[in-house]
Amino acid sequence: QKVLSAFGGNYAQADYSVFLIQARPKQGQSLEEVKEILLAEVENLKKGNFDEAILKAIVNNYKLSQLEYLEGSYGRTDSFVTCFINEVPWERFINQVENISKITKEDVVAYANQYFGNNYAVINKIQKKDPNELKIAKPAITPIFMNRDTSSAFLREIQASAVSPIEPVFVDFQKDMSILKAKSDIPVLYKQNTTNDIFTLIYSFDRGNNEDKYLGTATQYLDYLGTSKMTPEQIKTAFYGLACQYSVYASAEKTQIVVSGLGENMKEAVALVESLIADAQANSAALQGLKADMLKRRQNNKLNQNANFSQLRAYNVYGPKSPATNVLSNNEIKSLKDQDLLDRIHSLNSFEHEVLYYGPMSQEEIVATINEVHNTPATLTPIVKNESFKEREITKNEVIIAPYDAKQIYLAGYSNRGEVYNAENAPIIALYNSYFGGGMNAIVFQEMREARGLAYSAGAALSSPSKQGKTYNYNMFIATQNDKMIDALEAFDEIINQMPQSQNAFDIAKESLLANIRTTRVVKSDVLSRYIRMRELGLDYDINRDIFEKVQGYTMEDIVNFQQEWVKGRTYSIAILGDAKDLDLNSLKKYGTIKKVSTAEIFGY
């Protein structure tokens, strides 16, 4: 808590490498003070003011990071590329853990003293107006002709080549995972890791900030706490030594306790987390710092364009009362007491939940371990969901403007007609989104950015609900210059309602979607995630099976009919983040009644 946040790290490049340290100041702290705090840590390194025992822990954590990185195909292929670029022999790369284990404290101190001198640059980000800002007149833009239905000889040659298609493999929940039972009737979703010694154990509660808006703060506070037997520093050091980590966090709808790392140390790591949750001790000084940091982060968020846009989009979907504004007020933060948060921490495990496990243990071993180390009452407390936050149905066109001083606006269009989820719609929606809004080859991107030069970024899609009983909504997004806003809206209105038709673009979109399903493999811990996603939609199988089978028979006519039924003529609530004085409000009126909201309204504080 010396600064609001900080990190340090090495950026290794083929020519010159960079060691970067960055931090954000606390309330009332100058950037010069932050610089001195960071440089003091560099001096500690140069003087050897650290426990040599941490070197062994570093080796274990490096081993863990390598196992995690090389577990996926991207990590493996990227490692080949990196070794090639940096001219690192493959033998040296695969022996890195062994090589690092030979490094001594004296080696680290000598290295730090050799390279960490006054040879650094300081970059400060300062919030102020540039007095030398210049304005440039908007240039005329000539739309380009989109030759979607023509192709080069080279492309036709590739397309004509005979390739045996890769057959899709769909996850089979009956075969690819197991559902076990632990004490207190706790379901255990189980998938064995047969690749390496990495594990992930998750306690997942269907209860989040929607049900108790203090939960998110309680889980943040836990990070600063120790037990009656261990200080916070000792707990952090113990986890680092085990090459394991834990996190406890609350989202709007869920709270999760996650423990992961080297499987050989799992039991000890989980027992440590259990002791912290059951025996967390008050730390009043840390709580005061946490409260000050929370208030400072809130100030910073209000200066951040992406944070403002995220809050505005939530306002657009839910209205003034939403999961995004269901937060503690500033006064509630200031009046927080230790016990307010400790009570919530100590009772976490008493609520109904399920356990997700991916790791090397057998089914019998994981159930026995959970039964031994997991602290729960015999009967868990049922969870009562808060269903008061409902996505709005949009019955008339409207425009919502929130202030942000920038030369680029962010605009989100939202439309909801109240249609509830139906799995039969999944295939045609997937193909429509692939054709119209899915990536650089899609109609939206080509028309808005490439052909007309009206947006830095643009997208549109019919979004399916995340849960059974929730509703579909249509979303569009534009990031563009303030003076191009009306032109961009007019173009968007045209292509959404009068969708351009291209057989060639349709064929590409269809083949792209099918190829993605053919080559995607749901494996390892992703099997558990996919199972939960399908379960929340009321399904007991992978919906990709339906999509793959039905999309093959669709034609351009099916997409046109879908667009006519589901997309054309919808009503929208258009949310704009920008400076109202730079916007053409008169032209905006034709898109609906204009409503201005304040920064405080969209953030809820």
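We now turn to the structure provided with this report. (Residues numbered from 1 in each chain as written. Predicted model: local features only at pLDDT ≥ 70, side-chain atom pairs only at ≥ 80, totals over all residues. Heavy atoms only, no water.)

A word on the overall build of the protein
- Secondary structure assignment for the protein yields 25 helices and 14 strands.
- For the protein, the spread of C-alpha atoms along the three principal axes comes to 65 × 65 × 55 Å.
- Out of the 605 residues belonging to the protein, those deemed buried represent 44%.
- Considering only residue pairs separated by 6 or more positions, the protein has 81% of its internal contacts joining residues 24 or more positions apart. (Helix = DSSP H or I, 4+ residues; strand = E, 2+ residues; numbered from the N terminus. Buried < 20%, exposed > 50% of the residue type's maximum accessible area, 1.4 Å probe, protein only. Contact = heavy atoms within 4.5 Å.)

Considerations on the sheet that holds strand β9 (residues 398-402)
- The sheet built from six strands is open, its strands ordered β11-β12-β10-β13-β9-β14 with mixed pairing. The open sheet has two edge strands, β11 (457-463) and β14 (593-596), and neither has a second partner. Between one strand axis and the next, the sheet turns by 15° as a mean value, whatever way the strands run.
- As judged from the seven bridges shared by β11 and strand β12 (residues 473-481), these two strands associate in the antiparallel manner. Residue G459 lies in a different strand from β12, and its bridge partner there is F477. (Pairing = 2+ DSSP bridges. Axes fitted to C-alpha atoms, helices over the stretch in contact; angles between N-to-C directions.)

Overview of the side chain of N210
- With respect to the helices, strands and loops of the structure, N210 is situated in the loop between β5 (198-205) and α9 (215-222).
- Apart from residues no more than four positions distant in its own chain, N210 is found in contact with A252, E253, P323, N326, N386 and F389.

A short note on the environment of Q305
- By secondary structure assignment, the location of Q305 is in helix α13 (residues 305-318).
- Sequence spacing of Q305 and Q408 is 103 residues, and the spatial spacing of their C-alpha atoms is 9.9 Å.
- Those residues in contact with Q305, other than ones at most four positions away along the chain, are Y404, A406, Q408, Y410 and L577.
- Polar contacts involving the side chain of Q305 include one to the main-chain carbonyl oxygen of Q408, which spans 3.2 Å. (Polar contact = N/O pair within 3.5 Å; in protein donor to acceptor, adjacent residues only side chain to side chain.)

With respect to the packing of aromatic side chains
- Considering all chains together, one arrives at 21 aromatic pairs under this definition.
- Between W90 and F93, the aromatic rings sit 4.9 Å apart at their centres with planes inclined by 25°, giving stacked as the arrangement. Taken as a pair, W90 and F93 lie in helix α4 (residues 90-94) at a separation of three residues, close to a single helical turn.
- Judged by its relative accessible area of 13%, F93 is buried.
- Between Y432 and F436, the ring centres sit 5.5 Å apart and the planes meet at 15°, which makes this aromatic pair stacked. Remark: F436 and Y432 occur in helix α17 (residues 426-436); sequence separation between them is four residues, near one turn of the helix.
- We classify Y432 as buried; its relative accessible area is 0%.
- One aromatic cluster is present, built from ring pairs that chain together Y421, Y432, F436, Y472, Y474, F562, W566 and Y572.
- Geometry around F351 places R207 over its ring, the cationic atom sitting 3.9 Å from the centre. (Phe/Tyr/Trp six-rings, centres within 6.5 Å; stacked < 30°, edge-to-face > 60°. Lys NZ or Arg CZ within 6 Å of the ring centre and 35° of its normal.)

Some details on the environment of D293
- Structurally, D293 can be placed in helix α12 (residues 284-302).
- Sequence spacing of D293 and P25 is 268 residues, and the spatial spacing of their C-alpha atoms is 9.5 Å.
- If we ignore the near neighbours within four places in the chain, the residues touching D293 are Q1, L4, K26 and Y224.

Observations regarding the sheet that holds strand β4 (residues 186-192)
- In space, the six strands of this open sheet follow the order β3-β4-β8-β5-β7-β6, with mixed pairing throughout. Where the open sheet ends on each side, the last strands, each with one partner, are β3 (178-182) and β6 (244-250). On average, adjacent strands in this sheet sit at an angle of 20° to one another, irrespective of strand direction.
- The pairing of β5 with strand β7 (residues 255-262) spans eight bridges and is classified as antiparallel. Bridged to T200 within β7 is S260.
- Along the sheet face, α9 touches β6 and β7 and points at about 155° away from the line of β6.
- The strands touched by helix α11 (residues 266-279) within the sheet are β5, β6, β7 and β8 (354-359), with β7 carrying the most contacts at an inclination of about 150°.

Focus on the pattern of salt bridges
- Evaluation of the coordinates by the stated rule reveals 25 salt bridges.
- Measuring nitrogen to oxygen at the nearest pair gives 3.7 Å for the salt bridge that ties D582 to K407. Of this pair, D582 sits in the loop between β13 (573-577) and α24 (585-588) while K407 sits in the loop between β9 and β10 (408-415), placing them 175 residues apart in sequence.
- Overall, D582 belongs to the partly exposed group, its relative accessible area being 26%.
- Of the charged contacts, one joins R530 and D542 as a salt bridge, the two residues approaching to 2.9 Å between their closest N and O atoms. Of the two residues, R530 is situated in helix α21 (residues 526-536) and D542 in the loop between α21 and α22 (544-551); the sequence distance between them amounts to 12 residues. D542 carries the same exposure label as R530, and that label is buried.
- Ionic contacts of the salt-bridge type, sharing partners, join the residues D206, E211, K254, K385 and E536 into one network. (Salt bridge = Lys/Arg side-chain N within 4 Å of Asp/Glu carboxyl O.)

Remarks on a nonpolar patch on the surface
- Taken together, the side chains of F80, V81, F84, I85, W90 and I94 present a nonpolar region at the surface, about 660 Å² in accessible area.
- Put simply, the parts of the chain that give the nonpolar patch at least two residues each are α3 (73-86) and α4.
- Structurally, V81 is set in helix α3.
- You can call V81 partly exposed: its relative accessible area is 42%. (Patch = residues over 30% accessible without salt bridge, like charges linked within 9 Å, V, L, I, M, F, W, Y side chains within 5 Å. Areas by Shrake-Rupley, 256 points an atom, 1.4 Å probe, with all protein chains shown as cover.)

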